Amino acid sequence: TRSTRPQRLLKAVQEKAMKGDPQSVISTIDYFCRHSEWAMNVGDEKGSILDSVVCEVSPTTALELGTYCGYSTVRIARLLPPGTQLITLEFNPAFAAVARQVIEYAGLHNKVCLVEGASGDMIPKMREMFGIKTFDFVFLDHWKDRYLPDIKLLEGCQLLRKGSILLADNVICPGTPEYLEYVRNSPHYKSMYYKSHLEYTKVEDGLEKSVFLG
Ligand SMILES: C[C@H](C[C@H]1O[C@@H](n2cnc3c(N)ncnc32)[C@H](O)[C@@H]1O)NC(=O)c1cc(-c2ccc(F)cc2)cc(O)c1O
Ligand SMILES: [Mg+2]
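Residues numbered from 1 in each chain as written. Chains lettered and ligands numbered in written order. Predicted model: local features only at pLDDT ≥ 70, side-chain atom pairs only at ≥ 80, totals over all residues. Heavy atoms only, no water.

1. Focus: the coordination of the magnesium ion (ligand 2)
Geometrically, a metal with four donors at the corners of a regular tetrahedron has ideal angles of 109.5 degrees, and one with six donors at the corners of a regular octahedron has ideal angles of 90 or 180 degrees.
Then comes step 1: Distances from the magnesium ion (ligand 2) to its protein donors, namely Asp141 (OD), Asp169 (OD) and Asn170 (OD1), fall within the range 2.0 to 2.2 Å.
Then comes step 2: Donor residues binding the magnesium ion (ligand 2) come from one chain and are separated in sequence as D-x27-D-N. A residue pair is termed long-range when its members are at least 10 positions apart, and Asp141 in the loop between strand 4 (135–140) and helix 8 (147–156) and Asn170 in the loop between strand 5 (160–168) and helix 9 (171–175) qualify at 29 residues. Note on accessibility: Asp141 and Asn170 belong to one class, buried. (Donors = N, O, S within 2.8 Å, 3.2 Å for Na, K, Ca; no water. Helix = DSSP H or I, 4+ residues; strand = E, 2+ residues; numbered from the N terminus. Buried < 20%, exposed > 50% of the residue type's maximum accessible area, 1.4 Å probe, protein only.)

What follows is the structure, given as structure tokens:
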């Protein structure tokens, strides 16, 4: 049967990237998505903004919602110092299988824990599964209508602390109107918008960074 796009992306990584070199895995995926097949990775332009926020926060505990092929997982994990933990949730088993191999190829499997499951089910289990107290950083990149219910779940499970940083992809395209309205008007958050473009295109998109105020 015909391969899937994530499988073709993985093949490009295995054939063209340097094993153990996260930057080469990132560049290979970006090249594949620009010149062969578009894929819904955060991409290089928004990826640079993600990098700068991760460096600024330098989180000890980080959570990613929506792994897909592991592109942003590699971007984040490559910037984390040893002893830190990035937990990434993906509920599609086929995507998770590809992501595991991309993360492994980049040599970052010791810094990443990929959990197969839906965010709504897994968030309440974070504390018992990983001994996590709170998350310093959360990257939201999963179903766009799950962003709002999931931050409310994170709040409800006391997994955010004063100063926790949320960074949300796709707040313009495909768009997360309810989420934006909430974080921009809630007294519990201070938000700012980073204008950019939809990965590998000229379409407007952006990232919303929100600080939880407690
Ligand atoms: C949602 C996907 C990303 C992944 O998230 C996993 N997922 C979902 N819900 C959950 C959960 N509740 N728990 C765990 N994992 C979960 C899924 O299986 C995908 O692998 N991302 C997108 O759909 C996405 C789409 C576009 C896009 C933009 C313009 C277009 F014309 C077409 C598509 C751009 C982007 O930048 C995206 O990020
Ligand atoms: Mg996205």
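2. Structural notes on the confidence of the model for the chain
Then comes step 1: Per-residue pLDDT for the chain has a mean of 98; in total, 100% of the residues score no lower than 70.
Then comes step 2: Both confidence scores are given for the complex: pTM 0.99, ipTM 0.99. (pLDDT = per-residue confidence, 0-100.)

3. Regarding empty space enclosed by the protein
Then comes step 1: Counted according to the given criterion, the structure contains one cavity of 30 Å³ or more.
Then comes step 2: Of the voids in this model, the largest cavity is the one considered here, and its volume is about 40 Å³.
Then comes step 3: Lining the largest cavity we find Met40, Asn41, Val42, Gly66, Thr67, Tyr68, Cys69, Gly70, Tyr71, Ser72 and Asp141.
Then comes step 4: Residue composition of the lining of the largest cavity, by class: five nonpolar, five polar and one charged. (1 Å grid on protein atoms, 1.4 Å probe; cavity = no way out; pocket = protein on both sides within 12 Å on 5 of 7 lines; lining within 4 Å. Points joined across faces, edges and corners; volume = space filled by probe spheres on them. Nonpolar A, V, L, I, M, F, W, Y, C, P; charged D, E, K, R; others polar.)

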